[in-house]
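Remarks on the overall topology
Listed below, chain by chain, are the residues.
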Amino acid sequence: MEIIPDSHDLSRHTMKEFAALLEGDRLVVVMVPVGAVEPHGPHLGLGTDEVISLGAAIRAAVILEDEGMAPLIAPSVPYGVTESAAAFKGAVSVSPDALTRYLHDIISSLINDGVQHVCLVNNHLEPEQIAAVKNATNAFEPGRVSVACPVTKRWARTLSEEFKSGACHAGEYETSIVMEFAPGFVREDVRQKLPGVSVSLSERLGRGVTDFIEMGLTEAYSGDPSRANARHGRDQLEKLATMIATEVLEAIGPGRSPSTS
Ligand SMILES: [Zn+2]
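Along each chain, the written sequence defines residue order, and numbers are assigned to residues from 1. Restriction of local features to residues with pLDDT of at least 70 applies here, the model being predicted, together with a cutoff of 80 or more for giving and counting side-chain atom pairs; totals for whole chains, interfaces and linings are based on all residues.

Here an angle of 0 to 180 degrees is reported between the N-to-C directions of two axes, which are lines fitted to C-alpha atoms, with helices fitted over the stretch in contact. Counting from the N terminus, the helices are the DSSP runs of H or I reaching at least four residues and the strands are the DSSP runs of E reaching at least two. With their axes 10 Å apart at the nearest point, helix H2 (residues 48–66) and helix H7 (residues 172–181) run at an angle of 65° to one another. Considering the relative orientation of H2 and H7, their crossing is left-handed. Taken together, the residues of H7 that come into contact with H2 (itself represented by Thr48, Val51, Ile52 and Gly55) are Glu174, Ile177, Val178 and Phe181. We call Asp, Glu, Lys and Arg charged. Ala, Val, Leu, Ile, Met, Phe, Trp, Tyr, Cys and Pro are nonpolar, and the rest, Gly among them, are polar. Of the residues that constitute the contact of H2 with H7, the class distribution is five nonpolar, two polar and one charged. Crossing handedness: left-handed means the near helix sits turned counterclockwise from the far one by under a right angle, and right-handed means the same turn made clockwise. Working definition of a contact: two residues with C-beta atoms, positioned from the backbone, lying within 7 Å.

Written out as structure tokens, the structure reads:
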């Protein structure tokens, strides 16, 4: 797996280095990758969603730096609301309230420290997770916090045909991203032999079916992992990075400087 460049990794900053950044001229933007510990077919690791959030955040940091900001990536929140995959081993779920509270406290601490903007980067797309992440931002001024999550129409339409079809759990889309960013999370020999599964999760969820088994995902994936490739993953990650940077820049708004925040 790629690692976060030193200058963008909050964990590697000392307290004095972090303080110096907060006192500097550039807006300090902290991205918090959010994931889930969730079954992703017989070919991907349980930590796939966190990996996708992290890979996208690393690329978004480059864009935000080019925009004159000081981007940092905070340690991830790897656990999420993982009920749909509960029939399979490895669905380690927390309650929506617990996730909301935990994320809220992280945002609050960072803002109290003097961080100008916090972006929650979420790539676990279970509806209760999406709501829990959004709710974590409710108590803050809109300019101080944002959520980057590809499930809205605006961002979904920038992603692959498979993603848009809703048949996108551990299929071509997610598997390609993991092949690009964290190949150690992929079992190549298994992946290449998997048959495509064309169950649209968004369609099933819309009808109130939330359990993977009830949806027909007998191996906890939908989509076509055998079509995945790293080049496609690179392309999709760049689109996720654009999504994050755009959400941050729009939330902050034009003409905002550290002195006015
Ligand atoms: Zn996933």
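In terms of nonpolar packing, the biggest core is built from 72 residues, with Val30, Met31, Ala57, Val121 and Ile244 touching the most fellow members. Once you skip the residues sitting within four places of it in the chain, Ile244 turns out to touch Met31, Ala56, Ala57, Ala60, Cys119, Val121 and Ala148. We call a set of buried Ala, Val, Leu, Ile, Met, Phe, Trp, Tyr and Cys residues a nonpolar core when their C-beta atoms link them within 7 Å. With C-beta atoms placed from the backbone, the exposure class of a residue follows from how many other C-beta atoms lie within 10 Å of its own: 20 or more, buried; 12 or fewer, exposed; in between, partly exposed.

A word on the confidence of the model for the chain. Reading fine detail from the predicted coordinates is not recommended where pLDDT is low. pLDDT gives the predictor's per-residue confidence on a scale running from 0 to 100. For the chain, mean pLDDT is 95; residues scoring 70 or higher make up 97% of the total. Residue range residues 257–261 is modelled with pLDDT below 50. Its contacts to residues more than four positions away, or to other chains, number five contacts.

With respect to topology, four strands assemble into an open sheet ordered E2-E1-E3-E4, the strand pairing being parallel. Each edge of the open sheet carries a strand with a single partner, namely strand E2 (70–73) and strand E4 (145–148). Taking each pair of neighbouring strands and ignoring which way they run, the sheet shows an average axis angle of 20°. Judged from the four bridges that link them, strand E1 (residues 28–34) and E2 form a sheet pairing that is parallel. Note on E2: the bridge partner recorded for Met31 is Ile73. Together, E1, E2 and strand E3 (117–122) form the strand contacts of H2, whose direction differs from that of E1 by roughly 165°. Note on pairing: two strands pair once DSSP finds at least 2 bridges between them.

Before going further, it helps to examine helix H3 (residues 96–113). Compared with the 26 Å implied by 1.5 Å per residue over 18 residues, the 26 Å span of H3 between its first and last C-alpha is a close match. What H3 keeps buried is the set Pro96, Leu99, Thr100, Leu103, Ile107 and Leu110. Along the long axis of H3, the arc covered by the buried residues comes to 105°, so they all point the same way. Pointing more than 90 degrees away from the buried face of H3 are the exposed residues Asp97, Asp105, Ser109 and Asn112. At the exit of H3 stands Gly114, carrying a positive phi of roughly 115°. A helix is expected to span 1.5 Å for every residue after the first. As used here, the arc belongs to the directions running from the helix axis to the C-beta atoms.

Side chains of E4 alternate between two faces, with Val145 and Val147 and Ser146 and Ala148 buried alike. With four bridges connecting them, E3 and E4 associate as parallel partners. By the bridge assignment, Leu120 is partnered in E4 with Val147. With the strands pointing away from the viewer, any crossover whose connection runs clockwise from the first strand over the helix to the second is right-handed. Once you follow E3 into helix H4 (residues 127–135) and on to E4, the crossover reads as right-handed.

Attention now moves to unusual backbone geometry. Non-glycine residue Ala170 carries a positive phi angle of around 60°. Within the fold, Ala170 resides in the loop between helix H6 (161–165) and H7. Judged by the 29 C-beta atoms lying within 10 Å of it, Ala170 is buried. Even without being glycine, Ala220 reaches a positive phi, approximately 60°.

Our next topic: the environment of Leu46. You can see Leu46 is positioned in the loop between E1 and H2. Considered as a pair, Leu46 and Val92 are 46 residues apart in the sequence and their alpha carbons are 9.3 Å apart. Once residues within four sequence positions are removed from consideration, Leu46 is found in contact with Val37, Glu38, Pro39, His40 and Gly90.

Our focus in this paragraph is the environment of Leu10. Structurally, Leu10 can be placed in the segment before helix H1 (15–23). Spatially, the C-alpha atoms of Leu10 and Pro75 are 7.3 Å apart, while their sequence positions differ by 65 residues. Leave out the neighbours within four places in its chain, and Leu10 touches Val30, Leu72, Ile73, Ala74 and Pro75.

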